[in-house]
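# Understanding the architecture of this molecule
Below, each chain spelled out in residue letters.
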Amino acid sequence: MPEVLIAGLAGLGAASWLVVGAAMGWFLRLPATLVAGVMAFGAGALVSTLAFELVGEARRTGGVLPTLGGFVLGAVVFVAADLLLARRGARARKPSIALQSEPGVHALPAATASSAVGLAVALGALLDGVPESLVLGLSLADGGAVSLPILVAVAVSNLPEGLGSAAGMKHEGRSARYVFGVWGGIALASGIAAAMGFALLAEAPLEAIAVVTTIAAGAILAMVANTLIPEAFASDRSFTGLWAALGFALSFALTQLG
């Protein structure tokens, strides 16, 4: 099987957990603490992956300056785009908004059901997902195989985002066709991003790969700090740290086994 197709399938597979989460948000009413635990676990896994799979490897192969420059640039770009999209309604993709209607149950309050809000939610999810998909593709280009720690971390972090957003869209009165069309499209776009990450950079200089990898890493860390950890802590202040530590430990173990 061509490697570019493997990269695309890896990105699609990890992003498909957005669709799994959307199905859970559409058909089930889950305890807020459970959703928070999954978010915190995914955040910890992503932080470990950033440290051991992305930034450390970029420093080793590309040098300090490309690594630092790319990392800071990625964080700045993500935060600026996230602020812009939040003003247009993309904040509705964040699960903590779901916790205001019924204590302990995952359901979103009413929001303005407009195409602009729906588009902002989709763009916000792409903003979260594309950097993750790019590094999946780059992991294949860099190591000859898709990184299992990155794959697991991305999949786990995608689950609560799809869950919370789908529940919110349902509460807005969106149809199932709309909801699953949006998240299926985002999963497909993530697969394409992973394939492009491999196709465009497989033969690139190591410094260029380091910059692109750390741009994505900086964006992912900003997403963890802006979204996953605060959202999890807003729902469960007792065990967020423990779940995050367990996610970190699992991702680190996978890194060492790999």
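Residues numbered from 1 in each chain as written. Predicted model: local features only at pLDDT ≥ 70, side-chain atom pairs only at ≥ 80, totals over all residues. Heavy atoms only, no water.

Going by what an unreviewed UniProt entry lists, the protein chain is known as ZIP family zinc transporter and is assigned to Microcella daejeonensis.

### Thoughts on the overall build of the protein chain
Keep this limit in mind: Helix and strand definitions here come from DSSP, where helices need a minimum of 4 consecutive H or I residues and strands a minimum of 2 consecutive E residues; each element is numbered from the N-terminal end. Three labels apply to residues, based on accessible area from a 1.4 Å probe with only protein chains included: buried if under 20% of the type maximum, exposed if over 50%, partly exposed otherwise in between. Whether two residues touch is decided by their heavy atoms; if any such pair falls within 4.5 Å, the residues are in contact. Residue-level accessible areas treat just the shown protein chains as cover; the underlying method is Shrake-Rupley with a 1.4 Å probe.
The helix and strand tally for the protein chain stands at eight helices and zero strands. N-terminal to C-terminal, the α/β element order of the protein chain is α-α-α-α-α-α-α-α. Expressed as a percentage of the 258 residues in the protein chain, the buried residues total 49%. Considering only contacts within the protein chain whose residues lie at least 6 apart along the sequence, 85% involve residues at least 24 apart. Carbon and sulfur atoms form 71% of the exposed surface of the protein chain, whose accessible area is close to 11,200 Å².

### Some points on the nonpolar core
Soluble globular proteins: nonpolar side chains tend toward being buried together. For clarity, the threshold we go by: What is meant by a nonpolar core is a set of buried Ala, Val, Leu, Ile, Met, Phe, Trp, Tyr and Cys residues, joined one to another through side-chain atoms within 4.5 Å.
Within the largest apolar cluster, 30 residues are counted, with the highest numbers of intra-cluster contacts made by Leu46 and Leu228. Those elements that place two or more of their residues in this core are helix 2 (32-62), helix 3 (64-87), helix 4 (115-143), helix 5 (148-172) and helix 7 (206-235). With near-sequence residues (within four places) excluded, Leu228 lies in contact with Met39, Gly42, Ala43, Leu46, Ser157 and Met223.

### Brief notes about the environment of Gly184
If you trace the backbone, Gly184 turns up in helix 6 (residues 176-201). As for Gly184 and Ala15, which are separated by 169 residues in sequence, their C-alpha atoms are 8.8 Å apart.

### Some points on the pattern of salt bridges
Under the convention used in this document: Think of a salt bridge as a Lys or Arg side-chain nitrogen and an Asp or Glu carboxyl oxygen that are within 4 Å of each other.
Taken as a whole and assessed by the stated rule, the structure comprises one salt bridge. Between Arg60 and Glu57 there is a salt bridge whose closest N-O contact spans 2.3 Å. In this pair, Arg60 and Glu57 are both assigned in helix 2, three residues apart and thus about one turn of the helix distant. Glu57 gets classed as partly exposed once you look at its relative accessible area, which sits at 21%.

### Description of the packing of aromatic side chains
What counts, and what does not: Ring pairs are drawn from Phe, Tyr and Trp, using the six-membered ring of Trp, whenever the two centres fall within 6.5 Å, and their geometry is named by plane angle: stacked under 30 degrees, edge-to-face over 60, tilted for the rest. For a Lys NZ or an Arg CZ to count as sitting over a ring, it must be within 6 Å of the ring centre and within 35 degrees of the ring normal.
With the rule as written, the count across this model stands at four aromatic pairs. Residues Trp26 and Phe180 carry aromatic rings whose centres are separated by 6.2 Å and whose planes lie at 65° to one another, so their mutual orientation is edge-to-face. Here Trp26 is found in helix 1 (residues 3-27), whereas its partner Phe180 is found in helix 6, with 154 residues between them in sequence. Residue Trp26 is classed as buried on the basis of its relative accessible area, which comes to 13%. Between Phe52 and Phe252, the ring centres sit 4.9 Å apart and the planes meet at 55°, which makes this aromatic pair tilted. Of this pair, Phe52 sits in helix 2 while Phe252 sits in helix 8 (residues 240-257), and the two are 200 residues apart along the sequence. Note on Phe52: relative accessible area 37%, which makes it partly exposed. Judged by its relative accessible area of 33%, Phe252 falls in the partly exposed class. Every member of this aromatic cluster is reached through a ring pair, and the members are Trp26, Phe27 and Phe180. The ring of Tyr178 has Arg174 lying over it, and the distance from NZ or CZ to the ring centre is 4.4 Å.

### Notes on the packing of helix 3 against helix 7
Angle between the axes and distance between the axes: these two values describe a pair of packed helices. Selection rule: Orientation is described by lines fitted to C-alpha atoms, with helices fitted over the stretch in contact, and by angles between N-to-C directions that extend from 0 to 180 degrees. In what follows, roughly perpendicular refers to angles from 65 to 115 degrees, roughly parallel to angles under 35, roughly antiparallel to angles over 145, and oblique to any angle outside these ranges. Should the near helix be turned anticlockwise from the far one by less than a right angle, the crossing is termed left-handed; should it be turned clockwise, right-handed. All amino acids are sorted into three groups, where Ala, Val, Leu, Ile, Met, Phe, Trp, Tyr, Cys and Pro are nonpolar, Asp, Glu, Lys and Arg are charged, and the leftover types, Gly among them, are polar.
Packing of helix 3 against helix 7 leaves a shortest axis separation of 6 Å and a crossing angle of 40°. Classified by the angle between their axes, helix 3 and helix 7 sit oblique to one another. Crossing hand, helix 3 versus helix 7: right-handed. Taken together, the residues of helix 7 that come into contact with helix 3 (itself represented by Pro66, Thr67, Gly70, Phe71, Leu73, Gly74, Ala75, Phe78, Val79 and Asp82) are Glu207, Ala210, Val211, Thr214, Ile215, Ala217, Gly218, Ala219, Leu221, Ala222, Met223 and Asn226. Per-class residue counts for the contact of helix 3 with helix 7 are 14 nonpolar, six polar and two charged.

### Some points on the confidence of the model for the protein chain
Note the threshold: Each residue gets a pLDDT score, which is the predictor's confidence in that residue and runs from 0 to 100.
Residues at a pLDDT of 70 or more form 84% of the protein chain, whose mean pLDDT is 81. Across the protein chain, helix 8 holds the top mean pLDDT of 92, while helix 4 sits lowest at 71. Taken together, the stretch residues 97-116 has pLDDT below 50 and engages in 51 contacts with residues farther than four places along the chain or on a different chain.

### Quick word on the environment of Ala176
Inspection of the secondary structure assignment puts Ala176 in helix 6. Between the C-alpha atom of Ala176 and that of Ala22, which follows or precedes it by 154 residues, the distance is 9.8 Å.

### Describing a nonpolar patch on the surface
As a reminder of what qualifies: Each patch is built from residues lacking any salt bridge and having more than 30% relative accessible area; the joining distance is 9 Å for like charges and 5 Å for nonpolar side chains (Val, Leu, Ile, Met, Phe, Trp, Tyr).
A contiguous nonpolar surface patch, about 710 Å² in accessible area, is contributed by Val4, Leu5, Leu9, Leu12, Leu188, Ile192, Met196 and Leu200. Its location among the elements puts Ile192 in helix 6. Look at Ile192 and you get partly exposed, because its relative accessible area is 46%.

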